[in-house]
Amino acid sequence: MFLFLFLLTIVQSNFEFVRESGDWSASDSNINSIFPQNIANQFGTTKIRRAAEMDFGKNAEKQHKHHNHHEAWGYDDDNGPHKWGKQCQHGTRQSPVDIRTSNLEFAVINELQFVNYDVSGAVEIKNNGHTVVVSGFEKWQNRQRPYIYGGGLNGKYLLAQFHFHWAADHDDGSEHTVNALHYPIELHLVHVKDGLSLQEAVDASDGLAVIGIFYHIGDDGTSMANLESGLKRVAEKDTATLIFNYTVGVHLPPNVENFYRYSGSLTTPGCNEAVIWTVMAEPLPILMQQLELFRAVQGPTFGQRLTDNVRPVQPLNGRRVQFRSSALNRHRICNVSSAADYVTTRSRATRTCTALHESLLHHALIAVASAVIMTMKQQGIM
């Protein structure tokens, strides 16, 4: 029987691999014979179902009635951000925020280091009803798992997952804004501090380090190319699929030296104030058809698209967003240990670090102005 099914997967192109329950499935031993042993161990039994047999009529509604139950939280009127409770409503270091380039504090710190972001491995892409999340990095070999350090971070942070936020309107997609302007979509690379479990990390003030990356509509879809096939296979809530030989580095902009930094929170419940945020100043391009694949993803209600999963910007409550420019590399300027990174205003920088010249601050201002101009052009203001 299994041999017959296996042959069908070769001669028919409308089969897909998912981790959801289907009309029939193969046994663990059979799955292990299809996938390499290490992949089977990573992601468990992978069930197989035929896409052509999926019924999107009444039977499908019955099979997916669990999709229609009331969600504890979401982005609709009855469970949206204004209804999220506890720390989401009463916290003082909430995210996202509006980045006002006229009110930045310059950060004189070393470069942020991305390690193993050029390594390829197997990942799982899943629609959890709130976003599309890519995970599985903890199953990579220890020497291959992507991580970050430096850039003012206190320690090493391991990549746990990344996910996206978007909206139906080009002007409302990103969670963070720059001078009140949105990008069409925003990527969050979530890292957990080395030595902490996820639960321990969300309870620590610096337990998580999240990299935010903006995308603008352009004519180069390289960054999202490897996700396209997976996005098509996870349109329904709770469906998942594997992508092999995935390299996370494709989601990093060419220039990772210019970024914004502030202390904040998760942007979903329980909004734990445990995040060191790094928002890249340089956006990446995404094709219009790739953006539409995200907008085709279904939310908690079966058959209904998830067209908006964006939390509104939150008050700074006295916080200052910092800007780190490639011109303000502390090790090069001050010739001091990277462990002693500090944040300084313009006047303190001149007084504290004698090698910091006015021209460097001018370069930083130019970098900020360039980022603002790019944002305005992409929004059609210029």
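Residues numbered from 1 in each chain as written. Predicted model: local features only at pLDDT ≥ 70, side-chain atom pairs only at ≥ 80, totals over all residues. Heavy atoms only, no water.

Draft legend 1. How the structure looks around the overall build of the protein chain. Helices and strands together make up the secondary structure of the protein chain, namely 11 helices and 18 strands. Sequence-distant contacts, at least 24 apart, represent 74% of the contacts inside the protein chain between residues at least 6 apart. As presented, the protein chain carries roughly 17500 Å² of accessible surface, and 51% of it is formed by carbon and sulfur atoms. (Helix = DSSP H or I, 4+ residues; strand = E, 2+ residues; numbered from the N terminus. Contact = heavy atoms within 4.5 Å. Areas by Shrake-Rupley, 256 points an atom, 1.4 Å probe, with all protein chains shown as cover.)

Draft legend 2. Summary view of helix H8 (residues 288–295). When H8 is considered as a whole, its buried residues turn out to be Gln-290, Leu-291, Leu-293, Phe-294 and Arg-295. Its buried side turned inward, H8 meets strand S9 (157–166), strand S11 (185–193), strand S12 (208–217), helix H7 (228–233) and strand S16 (284–286). (Buried < 20%, exposed > 50% of the residue type's maximum accessible area, 1.4 Å probe, protein only.)

Draft legend 3. The arrangement of the nonpolar core in detail. Formed by 45 residues in total, the largest nonpolar core has its most connected members in Phe-114, Ile-148, Phe-162, Phe-164, Leu-189, Ile-213 and Leu-227. With 5 residues, the top contributor of residues to this core is S9. Once residues within four sequence positions are removed from consideration, Phe-162 is found in contact with Val-132, Val-133, Val-134, Phe-137, Leu-187, His-188, Leu-189, Tyr-246, Val-248 and His-251. Grouped together as the second largest cluster of nonpolar side chains are 22 residues, Val-97, Val-190, Ala-201 and Val-202 included. (Core = buried A, V, L, I, M, F, W, Y, C linked by side-chain atoms within 4.5 Å.)

Draft legend 4. Seen up close, the packing of aromatic side chains. Under the counting rule described, the total for this entry stands at 14 aromatic pairs. A centroid spacing of 5.5 Å and a plane angle of 90° characterise the contact between Trp-73 and Trp-84, whose relative ring orientation is edge-to-face. Pair noted here: Trp-73 is in the loop between helix H4 (58–63) and helix H5 (87–90) and Trp-84 is in the loop between H4 and H5, with a separation of 11 residues, a long-range link. Its end group placed over the ring of Tyr-147, Lys-156 keeps NZ or CZ at 4.2 Å from the ring centre. (Phe/Tyr/Trp six-rings, centres within 6.5 Å; stacked < 30°, edge-to-face > 60°. Lys NZ or Arg CZ within 6 Å of the ring centre and 35° of its normal.)

Draft legend 5. Geometry of the side chain of Gln-314. Inspection of the secondary structure puts Gln-314 in the loop between H8 and strand S17 (322–324). Taking the relative accessible area as the measure of exposure, Gln-314 reaches 18% and is therefore buried. Side-chain polar atoms of Gln-314 contact the backbone oxygen of Pro-312, separated by 2.8 Å. Once residues lying within four places of it in the same chain are set aside, the contact partners of Gln-314 are Cys-88, Gln-94, Ser-95, Pro-96 and Val-97. (Polar contact = N/O pair within 3.5 Å; in protein donor to acceptor, adjacent residues only side chain to side chain.)

Draft legend 6. Geometry of the environment of Asn-226. Along the polypeptide, Asn-226 turns up in the loop between S12 and H7. Look at Asn-226 and you get partly exposed, because its relative accessible area is 39%. Residues Asn-226 and Ile-243, 17 residues apart in the sequence, show an inter-C-alpha distance of 8.0 Å. Every residue in contact with Asn-226, bar those within four places of it in the chain, is listed here: Ile-243 and Tyr-246.

Draft legend 7. Region of interest: the pairing of S12. Of all 10 residues in S12, 9 are buried, a share of seventy percent or more. Pairing of S11 with S12, which is carried by 8 bridges, proceeds in the antiparallel orientation. In the strand pairing of S12, His-191 is matched with Ala-209. One ladder, built from 5 bridges, connects S12 with strand S15 (residues 275–280); its direction is parallel. Along S15, the bridge assignment pairs Gly-212 with Val-279. (Pairing = 2+ DSSP bridges.)

Draft legend 8. Region of interest: the pairing of strand S6 (residues 120–127). The buried fraction of S6 amounts to 6 of the 8 residues, a majority that puts the element mostly inside the structure. Pairing analysis gives 6 bridges linking S6 to strand S13 (residues 240–247), with the strands arranged antiparallel. By the bridge assignment, Glu-124 is partnered in S13 with Leu-242. Pairing between S6 and strand S7 (residues 132–135): 4 bridges, direction antiparallel. Each bridged residue has a counterpart across the sheet, and for Lys-126 the counterpart in S7 is Val-133. Following S6, the chain reverses through 4 residues before pairing antiparallel with S7; Gly-129 in that reversal takes a positive phi of roughly 90°.

Draft legend 9. Just the pattern of salt bridges, in detail. Tallying each qualifying case throughout the model produces 4 salt bridges. Note that Arg-100 is salt-bridged to Asp-98, the shortest N-O span being 2.6 Å. Arg-100 gets classed as partly exposed once you look at its relative accessible area, which sits at 42%. Classification of Asp-98 as buried rests on a relative accessible area of 14%. Of the charged contacts in the structure, one is a salt bridge between Glu-292 and Arg-295, with a shortest N-O distance of 3.0 Å. Pair noted here: Glu-292 and Arg-295 are both in helix H8, with a separation of 3 residues, about one helical turn. (Salt bridge = Lys/Arg side-chain N within 4 Å of Asp/Glu carboxyl O.)

Draft legend 10. Structural view of the environment of Glu-186. Residue placement: Glu-186 occurs in strand S11. Classification of Glu-186 by relative accessible area gives buried; the value is 0%. Measuring from C-alpha to C-alpha, the distance between Glu-186 and Val-310 comes to 9.5 Å, with 124 residues separating the pair along the chain. Each residue touching Glu-186, except ones within four places of it in the same chain, is listed here: His-163, Phe-164, His-165, Ser-174, Glu-175, His-176, Gly-212, Ile-213 and Phe-214. For Glu-186, the side chain forms a polar contact with the main-chain nitrogen of Glu-175, separated by 2.8 Å. For Glu-186, the side chain forms a polar contact with the side chain of His-188, separated by 2.8 Å.

Draft legend 11. A look at the confidence of the model for the protein chain. Mean pLDDT over the protein chain: 77, with 67% of residues reaching 70 or higher. Across residues 1–69, where pLDDT falls below 50, the model places 92 contacts with residues more than four positions away in sequence or in other chains. Below pLDDT 50 for its whole length, residues 335–363 participates in 45 contacts with residues either more than four positions away or in separate chains. (pLDDT = per-residue confidence, 0-100.)

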